[in-house]
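# Remarks on the overall topology
The lines below spell out each chain.
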Amino acid sequence: MKITYYGHSCFLVETGGKRLLFDPFISGNPLAGHIHVNNIRCDYILLTHAHSDHIGDLETIVRNNPEATLVGIWEIHAHYSAKGFRTHPMNKGGWRSFDFGRLKMVNAVHSSSFPDGSYAGEPVGFIVHTTDGTIYVAGDTALTRDMELIPQTCPPLDLAVLPIGSNFTMDIHDAVIASVFLQCRQIIGCHYDTFGFIKINHEEAINAFAEQSKELILLPIGETKAF
Ligand code: NI
Ligand code: MN
């Protein structure tokens, strides 16, 4: 599988022959000014929740990718299907097969509302399982023991995308514990550095994971890496 980082919590995951875009927030990110949102092509858009730093470029992406299916929790599906978007609803605990592989929606400990304050259901994470491997995208979340259930209920994880910026989500120390709960060695960090509240020391973060024999990968924005 190939992963391209577009900054903050936005990733393109190429797996199972399809392009899955998570949490499109790019043009509002001062660190992602070199990313051309209009050039992004995807088959699926997955939303972990509806905060503005996760959906900022959603409407642009949908306009440019009219065949793409938006996957979100029921309330996010209801909101966007009413606007005429192509959507697929899920909720926590369920698996669903798609043409790239399987998705499971899992718990996240955070909040969720649309930018106007209206209810957007609950925040979620996703497990993506394809013939290329299995990846967990946590979304915005605190550390939770629910993460221990993932290795019990899902194929072994090859990779986990975890928030590490603190203030709004886990910090690096809780994310190290999460990676132990998840039994996952390779972690991609997200939700750090974008705003002043979530600036982190990269070397300290990488070392904290290394002490538990985990590898923290901090992708430069715009970079694609194969796993
Ligand atoms: Ni959030
Ligand atoms: Mn966020």
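Above this text you will find the structure in question.
Residues numbered from 1 in each chain as written. Chains lettered and ligands numbered in written order. Predicted model: local features only at pLDDT ≥ 70, side-chain atom pairs only at ≥ 80, totals over all residues. Heavy atoms only, no water.

### Considerations on the sheet that holds strand E9 (residues 124-130)
Cut-off, in case you're wondering: The rule for pairing is simple: two strands pair if DSSP sees at least two bridges between them. Helix and strand labels come from DSSP, where a helix needs a run of H or I of at least four residues and a strand needs a run of E of at least two; each type is numbered from the N terminus. A fitted line through C-alpha atoms serves as each axis, taken over the contacting stretch for helices, and the angle formed by two N-to-C directions is quoted from 0 to 180°.
Within the open sheet, the 7 strands sit side by side as E7-E8-E9-E10-E11-E12-E13. Their pairing is mixed. Here the strands that pair on one side only, and so sit at the sheet edges, are strand E7 (95-97) and strand E13 (215-217). For this sheet the average axis-to-axis angle between neighbouring strands, irrespective of direction, equals 20 degrees. For strand E10 (residues 133-137) and strand E11 (residues 159-163), the ladder comprises 3 bridges, and the chain directions are parallel. Paired with Tyr 136 across the two strands is Ala 160, which belongs to E11.

### Observations concerning the pattern of salt bridges
We count it as follows: We define a salt bridge as a contact between a side-chain nitrogen of Lys or Arg and a carboxyl oxygen of Asp or Glu at a distance within 4 Å. Accessible area is worked out with a 1.4 Å probe on protein chains only. A residue is then buried under 20% of its type maximum, exposed over 50%, and partly exposed in between.
Across all of its chains, the model carries 7 salt bridges by this definition. Its salt-bridge partner being Glu 67, residue Arg 86 comes within 3.3 Å of it at the nearest N-O pair. Of this pair, Arg 86 sits in the loop between helix H3 (74-81) and strand E6 (87-90) while Glu 67 sits in the loop between helix H2 (58-64) and strand E5 (69-73), and the two are 19 residues apart along the sequence. Relative accessible area serves as the criterion here: at 44%, Arg 86 is assigned to the partly exposed category. For Glu 122, the salt bridge goes to Lys 92, with nearest N and O atoms at 2.6 Å. Of this pair, Glu 122 sits in the loop between strand E8 (102-107) and E9 while Lys 92 sits in the loop between E6 and E7, placing them 30 residues apart in sequence.

### Here's the deal with the coordination of the nickel ion (ligand 1)
What counts, and what does not: Excluding water, the donors of a metal are its N, O and S neighbours within 2.8 Å, or within 3.2 Å for Na, K and Ca, and that exclusion means sites may look incomplete. In these descriptions, tetrahedral denotes four donors with every angle between 85 and 135 degrees, square planar four donors and octahedral six donors with opposite donors over 155 degrees apart and the rest between 65 and 115, and irregular any other case.
Looking at the nickel ion (ligand 1), one finds its protein donor set to be His 49 (NE2), His 51 (ND1), His 110 (NE2) and Asp 140 (OD), positioned 2.2 to 2.4 Å from the metal centre. One can describe the site at the nickel ion (ligand 1) as irregular: its 4 donor atoms subtend angles covering 86 to 178 degrees at the metal. Counting along the primary sequence, the residues that act as donors to the nickel ion (ligand 1) give the motif H-x1-H-x58-H-x29-D. The distance between the nickel ion (ligand 1) and the manganese ion (ligand 2) is 3.1 Å, with Asp 140 acting as a donor to both metals. You can see His 49 sitting in the loop between strand E4 (44-46) and helix H1 (52-55) and its partner His 110 sitting in the loop between E8 and E9, a full 61 residues away along the chain. Since its relative accessible area comes to 0%, His 49 is described here as buried. A relative accessible area of 25% places His 110 in the partly exposed class.

### Examining the coordination of the manganese ion (ligand 2)
In this structure, Asp 53 (OD), His 54 (NE2), Asp 140 (OD) and His 191 (NE2) serve as the protein donors to the manganese ion (ligand 2), at separations of 2.2 Å. Look at where the donors of the manganese ion (ligand 2) fall in the sequence and you get D-H-x85-D-x50-H. Overall, His 54 belongs to the buried group, its relative accessible area being 0%. Exposure remark for Asp 140: the relative accessible area of 2% places this residue in the buried category.

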